[in-house]
Amino acid sequence: MKHLPKHLRPRWRYVAVGIESWAGAEVGRRAFQRALWYSAGNLLGDAGSADADLTLLSFDHADGSGEAVVRVRHGHVDDARAAIACVSEVDGEPVGILVRGISGTVRACEERYMGRATASSTQRDVAFEGAERTATVRGDACDVRTESGRVGATTFDTE
C-alpha cells in the first residue's frame, strides 16, 4: 500500500496541557484519555469528536501535578480546547486543566510549554590534570578529552 502524498496527509497541532489534582489522587494515562474522549463526545457529538481526533501522546502525573501532550487535527483546535476545558474529573477525582499552549510539532510543544528544552552545551579549553584539554561543558558537568578517552568531571575539577 502506498503512502499518501504530503499535501493529502492530515495536519496536526499539539496542545500542551497542565493537570492539577489533590496530592493523593491517582490519575492514570488511560483514564485521562477516556475523560478527554468522553468530554469531546458530549460537547462536539460523535461526528465532531471523530473529526477533532483528540489523542493523548505523552502523559505524566505525580504528587498532584502533571502534564500531557494532546494531538488534534489542524482545523479543530478551538473545538479541542473547549473539550479539554470541560474535563473536570478523571475516575472520580477532581482535576484542574490548563492549556499551556499550542504548537505545530511535538518537539516545539515540549520545549516551549513544558520545560523540556534540550540542554545547551559549549566546547572550551579547561585545565585538567595539569594540562590544557578540550571539554564539552553542560551546566556543572564537563566531558574532558584525554589521551585514554573521555572523563566525566565537574567545573570544580577543571579549575
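Only a predicted model underlies this, so the values are computations on that prediction, with no experimental measurement involved.

## Examining the overall build of the chain
Then, number 1: Check the secondary structure of the chain and you find three helices and nine strands.
Then, number 2: Each of the 159 residues in the chain was classed as buried or not, and the buried ones make up 35%.
Then, number 3: Taking as baseline every contact in the chain between residues at least 6 positions apart, the subset at least 24 positions apart corresponds to 54%.
Then, number 4: Here the chain displays about 10100 Å² of accessible surface, and carbon together with sulfur accounts for 48% of that area.

## Describing the domain arrangement of the chain
Reports often express the size of an interface as the amount of accessible area lost when the parts come together.
Then, number 1: Splitting the chain by domain gives domain 1 (10–111) and domain 2 (119–155).
Then, number 2: Distance from the C-alpha centre of domain 1 to the C-alpha centre of domain 2: 42 Å.

## Concerning the sheet that holds strand β1 (residues 12–21)
Then, number 1: Taken together, the five strands give an open sheet; going across it, the order is β2-β3-β1-β5-β4, and neighbouring strands pair in antiparallel fashion. The sheet is open, and its two edges are formed by β2 (55–62) and β4 (89–90), each paired on a single side.
Then, number 2: Note: β1 against strand β3 (residues 65–73), nine bridges, orientation antiparallel. Bridge assignment links Ala16 to a residue of β3, and that residue is Val69.
Then, number 3: The sheet strands contacting helix α2 (residues 77–85) are β1, β3 and β5 (93–103), and the helix crosses β5 at an angle near 160°.
Then, number 4: Across the sheet, helix α3 (residues 106–113) touches β1, β2, β3 and β5, and the angle it forms with β5 is around 110°.

## Thoughts on the pattern of salt bridges
Then, number 1: With the rule as written, the count across this model stands at five salt bridges.
Then, number 2: Across the pair Asp53 and Arg73 runs a salt bridge, and its minimum N-O distance is 4.0 Å. Of the two residues, Asp53 sits in the loop between α1 (29–52) and β2 while Arg73 sits in strand β3, which places them 20 residues apart along the sequence.
Then, number 3: A salt bridge links Glu67 to Arg100; the shortest N-O distance between them is 3.0 Å. With Glu67 in strand β3 and Arg100 in strand β5, this residue pair connects regions lying 33 residues apart in the sequence.
Then, number 4: It is possible to trace a salt-bridge network through shared partners that takes in Asp53, Arg71 and Arg73.

## Section: α2
Then, number 1: Those residues of α2 that fall on the buried side of the exposure criterion are Val77, Ala80, Ala83 and Ile84. The arc that holds the buried residues of α2, viewed along the axis, is 125°, so those residues lie on one side. Looking at α2, the residues exposed on the side facing more than 90 degrees away from the buried face are Asp78 and Ala85.
Then, number 2: Each element contacted by the buried residues of α2 is listed here: β1, α1, β3 and β5.

## Points about the sheet that holds strand β8 (residues 141–146)
Then, number 1: The four strands lie next to each other as β6-β7-β8-β9, forming an open sheet whose pairing is antiparallel. The open sheet terminates on both sides in strands that have one partner only, identified here as β6 (122–128) and β9 (149–154). Adjacent strand axes in the sheet meet at a mean angle of 35° when their direction is disregarded.
Then, number 2: Two strands pair when backbone bridges link them, and β8 and β9 are joined in this way by six bridges, in the antiparallel orientation.

## Looking at the packing of α1 against α2
Then, number 1: For the pair α1 and α2, interaxial distance at closest approach is 8 Å and the crossing angle is 115°. The handedness of the crossing between α1 and α2 is right-handed. Residues Leu36, Ser39, Ala40, Leu43 and Leu44 of α1 touch α2, and the partners they reach there are Asp79, Ala82, Ala83 and Ile84.
Then, number 2: Split by residue class, the contact of α1 with α2 holds seven nonpolar, one polar and one charged.

Reading the values: the criteria
- Residues numbered from 1 in each chain as written.
- Predicted model: local features only at pLDDT ≥ 70, side-chain atom pairs only at ≥ 80, totals over all residues.
- Heavy atoms only, no water.
- Helix = DSSP H or I, 4+ residues; strand = E, 2+ residues; numbered from the N terminus.
- Buried < 20%, exposed > 50% of the residue type's maximum accessible area, 1.4 Å probe, protein only.
- Contact = heavy atoms within 4.5 Å.
- Areas by Shrake-Rupley, 256 points an atom, 1.4 Å probe, with all protein chains shown as cover.
- Domains from an automatic or database assignment.
- Pairing = 2+ DSSP bridges.
- Axes fitted to C-alpha atoms, helices over the stretch in contact; angles between N-to-C directions.
- Salt bridge = Lys/Arg side-chain N within 4 Å of Asp/Glu carboxyl O.
- Arc of directions from axis to C-beta.
- Left-handed = near helix turned anticlockwise from the far one by under 90°.
- Nonpolar A, V, L, I, M, F, W, Y, C, P; charged D, E, K, R; others polar.

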